[in-house]
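Structural overview for review
Chain by chain, the residues:
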Amino acid sequence: MDKEASKRLAAEEAAKHVTNDMTLGLGTGSTARYFVDIMGERVKQGWALRGIPTSEETRRQAESLGIEIIEPDETTIVDLAIDGTDEADPQFNLIKGGGAALLREKIVAKAAHKFIVIADNSKRVVALGAFPLPIEISPYSWALTVKAIREALSANGFPSPRLTLRAKDGAPVKTDGGNLIIDAELGRIDDPVSLERLLAAIPGVLESGLFCGMADMIIYGDTDGVSVVKP
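Residues numbered from 1 in each chain as written. Predicted model: local features only at pLDDT ≥ 70, side-chain atom pairs only at ≥ 80, totals over all residues. Heavy atoms only, no water.

1. Section: the pattern of salt bridges
To keep it simple, the criterion reads: By definition, a salt bridge exists where a carboxyl oxygen of Asp or Glu is found within 4 Å of a side-chain nitrogen of Lys or Arg. Secondary structure is summarised from DSSP: a helix means a run of H or I of at least four residues, a strand means a run of E of at least two, and numbering begins at the N terminus for each. Relative accessibility decides the category of a residue: with a 1.4 Å probe and only protein chains considered, values under 20% of the type maximum give buried, values over 50% give exposed, and everything between is partly exposed.
Inspection of the entire model under this criterion finds 16 salt bridges. As a salt-bridge pair, Arg 50 and Asp 21 come within 3.0 Å of each other at their nearest N and O atoms. Of this pair, Arg 50 sits in strand β2 (residues 50-53) while Asp 21 sits in the loop between α1 (3-15) and β1 (23-26), placing them 29 residues apart in sequence. We classify Arg 50 as buried; its relative accessible area is 19%. Close ionic contact of Glu 56 with Arg 104 constitutes a salt bridge, the shortest N to O distance being 3.2 Å. A residue pair is termed long-range when its members are at least 10 positions apart, and Glu 56 in helix α3 (residues 56-64) and Arg 104 in helix α4 (residues 102-111) qualify at 48 residues. Assessed through its relative accessible area of 29%, Arg 104 is described here as partly exposed. Through salt bridges with shared partners, one network takes in Arg 8, Glu 12 and Glu 41.

Structural data, given as structure tokens:
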């Protein structure tokens, strides 16, 4: 079974947790895209589902499938959020943000009553860090923020960290909110919880791609089907 089929299997398993009349957080990326497609099929069958997309890409996909998109207010109950991941360790710590939607993804995942992560089995790691850690920063005087990130990392066990401004076609990648992404190549991250707190305290850092202790379930697709793990 190829990787795409594994992603689809994980999405199908996650769909079993969806019931009619739910408000859903809709993730971003190649695996989440399969889940949104499945929800579109449910809508065609007459289900009433509302979606809160974590990116404009996901918004366009959901709207094309007839899924109602809502703008949440303080009374909105987000029943379930489904999203992919770039890495997941045995302690349910994640690295997300490969699709440059990490701030919106974390807002929605935190608000949801239940957060389910879906992934192919290659995302399952012993320790985080092989995948560069995305850090979303304000574009205002962004080089000063990068300097502060570098100094904080160097003082906390990551000497000479390689920090790269994410770019495409010669221009900086902008998030849907107009922010920038710094990819930090750190190697093995032994204490992601402390690192998440460290980065959050730096002015100019809007969010890091560390999602620690947030997932209620991870569903991995593989050649043998799916495996479901819970904390």
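2. Some points on the packing of α1 against helix α2 (residues 30-44)
Worth spelling out the cut-off: Lines fitted to C-alpha atoms define the axes, with helix axes restricted to the stretch in contact, and inter-axis angles between N-to-C directions lie between 0 and 180 degrees. When describing relative orientation, an angle under 35 degrees is termed roughly parallel and one over 145 degrees roughly antiparallel, while 65 to 115 degrees is termed roughly perpendicular and anything else oblique. Throughout, a crossing is termed right-handed when the near helix is turned clockwise from the far one, and left-handed when it is turned anticlockwise from it by less than a right angle. In what follows, a contact means two residues having at least one pair of non-hydrogen atoms within 4.5 Å. Following the grouping adopted for this structure description, the nonpolar residues are Ala, Val, Leu, Ile, Met, Phe, Trp, Tyr, Cys and Pro, the charged ones are Asp, Glu, Lys and Arg, and the polar ones are all others, Gly among them.
Contact pair α1 / α2: the axes reach a minimum separation of 8 Å and the direction vectors enclose 50°. Overall, the two elements α1 and α2 adopt an arrangement that is oblique. The handedness of the crossing between α1 and α2 is right-handed. Contacts between α1 and α2 involve Glu 4, Lys 7, Arg 8, Ala 11, Glu 12, Ala 14 and Ala 15 from the former and Ser 30, Thr 31, Tyr 34, Phe 35, Ile 38, Met 39, Glu 41 and Arg 42 from the latter. Residue composition of the contact of α1 with α2, grouped by class: 7 nonpolar, 2 polar and 6 charged.

3. What to know about the packing of aromatic side chains
Just so we agree on the cut-off: Paired rings are identified among Phe, Tyr and Trp, the last through its six-membered ring, by centres lying within 6.5 Å, and are further divided according to the angle between planes into stacked (under 30 degrees), edge-to-face (over 60) and tilted (the rest). Should the NZ of a Lys or the CZ of an Arg lie within 6 Å of a ring centre and within 35 degrees of the ring normal, that charge is described as sitting over the ring.
Overall, the coordinates contain 0 aromatic pairs when judged by the stated rule. Geometry around Trp 47 places Arg 42 over its ring, the cationic atom sitting 4.6 Å from the centre. The ring centre of Phe 211 lies 4.8 Å from the NZ or CZ of Lys 106, which sits over that ring.

4. Focus: the side chain of Thr 175
Relative to the elements of secondary structure, Thr 175 occurs in the loop between β11 (171-172) and β12 (180-185). Non-local contacts of Thr 175, meaning those with residues more than four positions away in its chain, are made with Ala 100, Glu 136 and Ile 181.

5. Quick word on the sheet that holds strand β9 (residues 162-165)
For clarity, the threshold we go by: Note: two strands are recorded as paired if DSSP finds a minimum of 2 bridges between them.
Spatially, β9-β12-β8-β13 is the arrangement adopted by the 4 strands of the open sheet, whose pairing is antiparallel. One side of each edge strand has no neighbouring strand; the edge strands of this open sheet are β9 and β13 (205-208). Sheet twist, expressed as the average angle between the axes of neighbouring strands with direction ignored, equals 25°. Summarising the sheet, β9 and β12 pair through 4 bridges and their orientation is antiparallel. Each bridged residue has a counterpart across the sheet, and for Arg 162 the counterpart in β12 is Glu 185. Along the sheet face, α4 touches β8 (133-137), β12 and β13 and points at about 70° away from the line of β13.

6. What about the environment of Pro 134?
You can see Pro 134 is positioned in strand β8. Leave out the neighbours within four places in its chain, and Pro 134 touches Ile 95, Lys 96, Gly 97, Gly 98, Leu 102, Arg 166, Ile 181, Ile 182, Asp 183, Ser 208 and Gly 209.

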